[in-house]
Amino acid sequence: MLRTDQMWYKIGGVVMALAAQLNISPEQALGLFYKSQTCEELHNPETLLYTFSDAYIADEVIMELKGM
């Protein structure tokens, strides 16, 4: 599992990737991310989602938003 500071860094990378892919502000992307199931999964050490790239996790959020 990531340390707290590492998790914050990871979330920042995911949010910036999400903002770039959706062409929205980082603040909007942060709101979308924190409301997502993907965010919950990222914080669950059993999923190992934190081992995936920021772009992959952002894609997961986007697929969740699209209902896929």
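Refer to the structure above for everything that follows.
Residues numbered from 1 in each chain as written. Predicted model: local features only at pLDDT ≥ 70, side-chain atom pairs only at ≥ 80, totals over all residues. Heavy atoms only, no water.

Scanning the chain from terminus to terminus reveals four helices and zero strands. Helices and strands in the chain line up, N terminus first, as α-α-α-α. A compact globule built from 68 residues would reach a C-alpha radius of gyration of about 11 Å, and the chain, at 11 Å, matches this within 12%. Across its three principal axes, the chain shows a C-alpha extent of roughly 30 × 25 × 20 Å. Within the span of the chain, comprising 68 residues, buried residues form 31% of the whole. Long-range pairs, those at least 24 residues apart, make up 54% of the contacts in the chain with a sequence separation of at least 6. Accessible surface, the chain as shown: approximately 4400 Å² in total, 58% of it carbon and sulfur. Side-chain charges in the chain split into 4 positive and 9 negative, and the spacing between the mean points of these groups amounts to 4 Å. (Helix = DSSP H or I, 4+ residues; strand = E, 2+ residues; numbered from the N terminus. Rg over C-alpha atoms; globule rule 2.2 N^0.38 Å. Buried < 20%, exposed > 50% of the residue type's maximum accessible area, 1.4 Å probe, protein only. Contact = heavy atoms within 4.5 Å. Areas by Shrake-Rupley, 256 points an atom, 1.4 Å probe, with all protein chains shown as cover. Lys, Arg positive; Asp, Glu negative; His and termini not counted. Charge placed at Lys NZ, Arg CZ, Asp CG, Glu CD.)

Before going further, it helps to examine the packing of helix α1 (residues 4–22) against helix α2 (residues 26–34). Direction vectors running N to C along α1 and α2 enclose 115°, while the axes themselves pass 8 Å from each other. Between α1 and α2, the interaxial angle falls into the category roughly perpendicular. Our pair here, α1 against α2, has a crossing hand that is right-handed. Within the contact between the two elements, α1 uses Trp8, Ile11, Val14, Val15, Met16, Leu18, Ala19 and Leu22 and α2 uses Pro26, Ala29, Leu30, Leu32, Phe33 and Tyr34. (Axes fitted to C-alpha atoms, helices over the stretch in contact; angles between N-to-C directions. Parallel < 35°, antiparallel > 145°, perpendicular 65-115°, else oblique. Left-handed = near helix turned anticlockwise from the far one by under 90°.)

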